[in-house]
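Residues per chain are reported as follows:
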Amino acid sequence: MLTKTNSRTPALAARYAQEFNLAFPPLELYSEYVERVRQACVDSGRDPATLRTTVALVVCCGRDEAEFRRRANAIGRDPDELRTNGAAGLPGEVVDKLREFAAGGAEAAYLQVLDVSDLEHLELIAADVLPEVGATAGAA
């Protein structure tokens, strides 16, 4: 739900931005914001296709449930909460979540990796997730 304070964001993005990014949102809120920012573009005379729409999500992935839960615990996050609010779970679940955000308007996703010392995690994402969603997903 948009509040009075953040309801100005779509108009400001339409007027000044090259990219509209929403960090760590629920899918429903993200889709709502994308629609509002696209409408704000139309209202201001801007082609909505000229404003790139992106999302930032925490990523936490495991080859199996035990590995996923170990990684979630290592970053101090509840596995169920991560599945709800991030791109998390087994590789197929991460791919599905990224595709849901793409369907909701995200042209790219910035994936926040919280345990940068876990190089096997990065290798898993590179091998099993990124090839399924394309090269427009980023890792931060």
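Because the structure is a prediction, the values reported are computed rather than measured. (Residues numbered from 1 in each chain as written. Predicted model: local features only at pLDDT ≥ 70, side-chain atom pairs only at ≥ 80, totals over all residues. Heavy atoms only, no water.)

Describing unusual backbone geometry
Phi angles above zero are rare outside glycine, and Phe24 is one such case at about 60 degrees. Structurally, the position occupied by Phe24 is in the loop between β1 (19–23) and α2 (27–43). (Helix = DSSP H or I, 4+ residues; strand = E, 2+ residues; numbered from the N terminus.)

Thoughts on the confidence of the model for the protein chain
Low-pLDDT stretches of the model should not have their predicted coordinates read in fine detail. Residue-level pLDDT values for the protein chain average 92, and 91% of them are 70 or greater. Predicted confidence for residues 1–5 stays below pLDDT 50, and this span has five contacts to residues more than four positions away or in other chains. Below a pLDDT of 50 lies the segment residues 136–140, which in the model reaches 13 contacts outside its immediate sequence neighbourhood of four places, other chains included. (pLDDT = per-residue confidence, 0-100. Contact = heavy atoms within 4.5 Å.)

Remarks on the packing of helix α5 (residues 91–103) against helix α6 (residues 119–133)
Packing of α5 against α6 brings their axes to within 9 Å, and their N-to-C directions diverge by 40 degrees. In this structure, α5 meets α6 at a crossing whose hand is right-handed. The segment α5 lies against α6, with Pro91, Val94, Val95, Leu98 and Arg99 engaging Leu124, Asp128, Val129, Glu132 and Val133. (Axes fitted to C-alpha atoms, helices over the stretch in contact; angles between N-to-C directions. Left-handed = near helix turned anticlockwise from the far one by under 90°.)

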